[in-house]
Amino acid sequence: MAALEEEFTLSAVTLGARPDGLLGVEQSDKTDHFLVTDRSRTVILYKVSDQKPLGSWSVKQGQIITCPAVCNFQTGEHIVVHDNKVLRIWNNEDVNLDKVFKATLSAEVHRIHSIQGTEPVVLFKGGAARGLEALLAEPQQKIETVLSDGEVIKWTKFFVVFRHPVLVFITEKDGNHFAYVQMFNSRNLSKYTLLLGQEEKSVTLSFTAYVDRKFISLMSLSSDGCVYETLIPIYPSDTEKNQRLVRSLLLKAVVSGIPPNGVTLTVLDQDHVAVLGPPLPSSKECLSIWNTKFQTLQTSKELPQGTSGQLWYYGEHLFMLHGKCLTVVPCKCGVSSLAGALGKLKHAQDPGTQTTPHFVNWEISQGCELGSENSEQLRILRRKKTEVSLQPEVPASEQLLSTIKNGSEKHIEVELRKFLAKWTPDSHTVTGDVIAGLLGRSKAEPSFYPRNCLMQLLQTHVLSYSLCPGLMDIALEKTDVQMLQLCLQQFPDIPESVTCACLKMFLSIGDDSLQGMNINMESVFDYSNTEQDEKMEEQPEILRNGFNAEDSNCSNCNRELNEKPQDAAEETASCPVIPKRAALLNGILHSAYSETFLLPHLKDIPAQDITLFLQYLYFLYLKCSENATMTLPGIRPPTLSQIMDWLCLLLDANFTVVLMIPEAKRLLVNLYKFVKSQISVYSELNKIEVSFRELQKLNQEENNRGLYSIEVLELF
């Protein structure tokens, strides 16, 4: 699940933005530092965590900045272009842009791209691209023209793919769109024609893209409100030919209508995209998150003050102009999996829950370079001064790992908060080492149990059983049912033996002990539905989805059950377990398992606990049978299929033992009658299905003859 947290204004001072919005927002050399460029003369460096500007620079009156300022991650300097051809380079200590390094180029610049791990790239309006250092070595060098007359660049993106920089840009000419892929390691430029397919009348409004192995997944938002995907090969088979690519439908009806400032599409990860635009023709603009894998809307936020139709995404932060101020919306994207879509894995989370990125971009290289190896020398000559190298700070992860070895629990909590506050896209790889250190010390020192730290790490939603196999073992040892419940909700790979150990604890722990524990109760509904039970008692002839407790050919069973009708009614109406135990058992029902590996471990559970679990499952089945939809109320309660699967598993594993227990006799008789009634219902449904097939055949024959007739068929 994806979630949008509460937005905040980056600065109370408006940026002098024109109606067409800002020129750009780019990430600086530090995680929470961003460069914001307006469409006139100013560049501002913001620190998002403090919500305040760190510096501001402007060009002279009469000059206009023509492309967004970027950071050179190799040198820590900032780069901007004004008046299309004049390039300026400065650092944080500079005050006046008129006195910093200046280079006048021979052609007009469209955009400068800079990302971690490689040299900045300058893209010219004619379609040619150059590395920054090669361009600064000879600013007046001749720049070739790649694009044809009338062809205009509409969108660009810079990637690092398998340690090599790749530039992608989209152009438009006479309503047709073309994609160019520039490989800097081989200096190959490939051109593709983007075909609209069947939607020839639609107009493409926005583009976004991400790298998927050997392809660039280009997504486009069209005027028909749909999102389309085009796969562009990174390594083309023939670079000389203008190849054609057809797009395919990815999401349908994500926006409706086109506001004056347009709509925007931005990719968040491989499974989520953010869309800025009105969901309905008459509605206000909204920021919405869509899951492209399962084609579902995850969350949305209304923007009553309107936007400029621009959206930027960096490090779990969405930037946009809301009204006239730059607004930041924290965005959290959880793991997207088929197990979650089928109800076997829970990813629901509160808007305030802190999550962390769940993937590592293995394609980003820290040592990838584009041009000259003497870039550091050129930078020193350009700055005309020697910079003092600062001693790097000790990373928060190393400090945390060092503290875990011999620090107190409070000290560890403080360092853990620092570690989580400075999260980067690859920091979650260290989480395994952190939790392994905590668990290792817990085993060596029985008195050491850093429960708060373990709970904070669990709430990052990036852990799994294989990453921390000892976590659930120590929780079982400490009888920490809250932690076990969280693990069951989040871990998709729990072994069946551990699942059964949790089940055994949940069934055996006393009610008094559970009452004082903090347990998530969202999957438990209100069992005290007395009004509905009274109505059911007043109308005993009504069938519950084909089941009638009085209709059975088992005379001995009826005679024994009718001896205590009041007890049977109480068994149907009351839950055999307290709500907190029910919440824990529901977590077991939602867990993933393999029947082959689960059955042997179910035989180790005591017979009395098995009987209690069967009674609870039977109670849930009765509640499901009370409505036509066969579902339970509440937030993500157990499904009917999960209830039936566990009933069958328990009976298969322990039928002989349960059969010998007197307390389970009534339960087994009721289950027998349920199965018999369901067989009868399915038998009647099969008869109806045969009749419907015959009707369908008759309709087909009549349609073939072009005639019709009215016939009366007796189904029973």
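Residues numbered from 1 in each chain as written. Predicted model: local features only at pLDDT ≥ 70, side-chain atom pairs only at ≥ 80, totals over all residues. Heavy atoms only, no water.

K.L.:
Account for the pattern of salt bridges, with residues named and values stated.
P.N.:
Here the structure, examined in full by the defined rule, presents 15 salt bridges. In this structure, Glu 108 and Lys 125 form a salt bridge, with 3.4 Å as the shortest nitrogen-oxygen distance. Separated by 17 residues along the polypeptide, Glu 108 in the loop between β10 (101-104) and β11 (109-113) and Lys 125 in the loop between β12 (121-124) and β13 (129-131) bring together distant segments of the chain. For Lys 125, a relative accessible area of 38% gives the class partly exposed. For Lys 154, the salt bridge goes to Glu 172, with nearest N and O atoms at 3.6 Å. Of this pair, Lys 154 sits in strand β14 (residues 152-161) while Glu 172 sits in strand β15 (residues 164-173); the two residues are 18 residues apart in sequence, bridging distant segments of the chain. (Salt bridge = Lys/Arg side-chain N within 4 Å of Asp/Glu carboxyl O. Helix = DSSP H or I, 4+ residues; strand = E, 2+ residues; numbered from the N terminus. Buried < 20%, exposed > 50% of the residue type's maximum accessible area, 1.4 Å probe, protein only.)

K.L.:
Describe the sheet that holds strand β7 (residues 65-72), naming the residues involved and giving the relevant values.
P.N.:
Pairing is antiparallel in the open sheet, where four strands are placed in the order β7-β8-β9-β10. Of all strands in the sheet, those bounded by a partner on one side alone are β7 and β10. Strand-to-strand twist in this sheet, taken as the mean axis angle between neighbours without regard to direction, amounts to 20°. Relative to strand β9 (residues 86-90), strand β8 (residues 77-82) runs antiparallel, the two being bridged by five bridges. Residue pairing across strands places His 78 opposite Trp 90, the latter belonging to β9. (Pairing = 2+ DSSP bridges. Axes fitted to C-alpha atoms, helices over the stretch in contact; angles between N-to-C directions.)

K.L.:
Residue-level account of the packing of helix α10 (residues 496-508) against helix α16 (residues 595-602), with values.
P.N.:
For the pair α10 and α16, interaxial distance at closest approach is 9 Å and the crossing angle is 40°. The orientation of α10 relative to α16 falls into the category oblique. For the crossing formed where α10 meets α16, the hand is right-handed. Along its contact with α10, which presents Glu 496, Ser 497, Cys 500 and Leu 503, the element α16 presents Phe 597, Leu 598, His 601 and Leu 602. (Parallel < 35°, antiparallel > 145°, perpendicular 65-115°, else oblique. Left-handed = near helix turned anticlockwise from the far one by under 90°. Contact = heavy atoms within 4.5 Å.)

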